[in-house]
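Each chain is listed here by its residues.
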Amino acid sequence: MTKLQRITDELLAEKGIDTDADRGKKQTALDEITPEVMEQLTPEDITEHTSSFYNENVDYYIKKSHSQGIIDELVNFMNSLSDGARVLDVGCGPGRDTLFMSIPDKEYRKTQMTREKNGKSMLERGIEVPSNSFRVVGIDRSLEMIEAATFAKIRAAKEGFLEDMSKARFVLADMHTIRPWDGEFDAVWSCTALFTHTPRSLSEQSLQNVS
């Protein structure tokens, strides 16, 4: 149990709210105690909790509809780079974007371009399948996510989509304390992780580390 979970459970218990209580009632109580909880936490406590959450919920996250399919911005990002560029994927999760960028197979990429806007998928909206591919290193603090990403990479290779296994690598690393890697990257991609999961006090440090 993380410090955030422990403090939250204790405060809910003081209010007589069971952790299995009605969702609406529990959410109201959580909203009320949030300021008090945050006062007792360090930024490191928050990042530790985030990592713990993803370790415990990796299967749910992979199956979640919001996690299905790449976002439009990834195609725009790829179109701005030259073929063969070296990319760092910060907060790679189960490897969706890392594999999309590193696997050049057009049919594989079509299966990942399913996210809808206004009821239409990317392909139906006329977004073309990128033709370039990169050498990508995906990093994540969650060990379970890295293991899931590695499994997805092996599966893609067995299915014949990823012929060069070295084009996609997955490394356990914390984006908030990352240190210089061996070599350089041409670009950095981060789908929500860098800002969504970074406490404000760590934002500048995280950006400097990634830079």
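For clarity, every value in this text was computed on a predicted model and none was experimentally measured.

Q: Could you clarify how one ought to interpret the sheet that holds strand β4 (residues 187-189) in this entry?
A: Strand pairing in a sheet is mediated by backbone hydrogen bonds. Such pairs are either parallel or antiparallel. Spatial ordering of the open sheet is given by β3-β2-β1-β4, a layout of 4 strands whose pairing is parallel. Unpaired on one side and paired on the other, β3 (168-172) and β4 mark the two borders of the sheet. If you compare each strand with its neighbour and ignore which way they point, the axes differ by 25° on average. Examined bridge by bridge, strand β2 (residues 135-140) and β3 share 5 bridges and lie parallel to one another. Along β3, the bridge assignment pairs Ile139 with Val171. Of the strands in this sheet, β1 (86-90) and β4 are in contact with helix α5 (residues 72-79), which crosses β4 at around 175°.

Q: Whenever I open this one, the pattern of salt bridges confuses me. Can you help?
A: When the charged atoms of two side chains lie near each other, side chains of opposite charge can form a pair. Inspection of the entire model under this criterion finds 9 salt bridges. For Lys3, the salt bridge is made with Asp45, and the minimal N-O distance between the two is 3.5 Å. Of this pair, Lys3 sits in helix α1 (residues 3-14) while Asp45 is found in helix α3 (residues 43-56), placing the two residues 42 residues apart along the sequence. Two residues, Glu107 and Lys110, come together in a salt bridge whose shortest N-O distance is 3.6 Å. With a gap of 3 residues between them, Glu107 and Lys110 both fall in helix α7 (residues 106-112), about one helical turn apart.

Q: Whenever I open this one, the side chain of Asp89 confuses me. Can you help?
A: Looking at where Asp89 falls in the secondary structure, it is placed in strand β1. Among the polar contacts made by the side chain of Asp89, one reaches the side chain of Thr98 at a distance of 2.7 Å.

Q: Sorry if this is basic, but what is going on with the packing of α1 against helix α2 (residues 23-39) here?
A: Packed helix pairs are characterised by how far apart their axes lie and by the angle those axes make with each other. Contact geometry of α1 with α2 gives a least axis separation of 10 Å together with a crossing angle of 120°. The crossing of α1 and α2 is right-handed. On α2, the residues touching Leu4, Ile7, Thr8, Leu11 and Leu12 of α1 are Lys26, Ala29, Leu30, Ile33, Glu36 and Val37. Looking at the contact of α1 with α2 residue by residue, the class counts come to 8 nonpolar, 1 polar and 2 charged.

Q: What's the story with the state of the cysteines in this structure? I'm lost.
A: Joining two cysteines, a disulfide is a covalent bond between their sulfur atoms. Counted according to the given criterion, the structure contains 0 disulfides. The cysteine Cys191 is free of any disulfide, with Cys92 supplying the nearest cysteine sulfur at 12 Å.

Q: What is the right way to look at the packing of aromatic side chains in this model?
A: Two measures describe an aromatic ring pair: the distance that separates the ring centres and the angle between the ring planes. The tally for this structure, following the rule as stated, stands at 4 aromatic pairs. With a centroid separation of 5.4 Å and an interplanar angle of 90°, the aromatic rings of Tyr54 and Tyr61 are classed as edge-to-face. Measuring from centroid to centroid gives 5.2 Å for Tyr108 and Phe161, while their planes differ by 45°, and the two rings are tilted. Taken together, the residues span a long stretch of sequence, with Tyr108 in helix α7 and Phe161 in the loop between α8 (143-158) and β3 at a distance of 53 residues. Accessibility expressed as a relative area gives 10% for Tyr108, which makes it buried. Ring pairing ties together the aromatic residues Phe53, Tyr54 and Tyr61, which thus form one cluster. In this arrangement the basic side chain of Arg109 is found over the ring face of Phe100, its NZ or CZ atom lying 5.2 Å from the centre.

Criteria and thresholds
Residues numbered from 1 in each chain as written. Predicted model: local features only at pLDDT ≥ 70, side-chain atom pairs only at ≥ 80, totals over all residues. Heavy atoms only, no water. Pairing = 2+ DSSP bridges. Helix = DSSP H or I, 4+ residues; strand = E, 2+ residues; numbered from the N terminus. Axes fitted to C-alpha atoms, helices over the stretch in contact; angles between N-to-C directions. Contact = heavy atoms within 4.5 Å. Salt bridge = Lys/Arg side-chain N within 4 Å of Asp/Glu carboxyl O. Polar contact = N/O pair within 3.5 Å; in protein donor to acceptor, adjacent residues only side chain to side chain. Left-handed = near helix turned anticlockwise from the far one by under 90°. Nonpolar A, V, L, I, M, F, W, Y, C, P; charged D, E, K, R; others polar. Disulfide = S-S within 2.5 Å. Phe/Tyr/Trp six-rings, centres within 6.5 Å; stacked < 30°, edge-to-face > 60°. Buried < 20%, exposed > 50% of the residue type's maximum accessible area, 1.4 Å probe, protein only. Lys NZ or Arg CZ within 6 Å of the ring centre and 35° of its normal.

In short, the description is geometric, and any link to function would need to be established separately.
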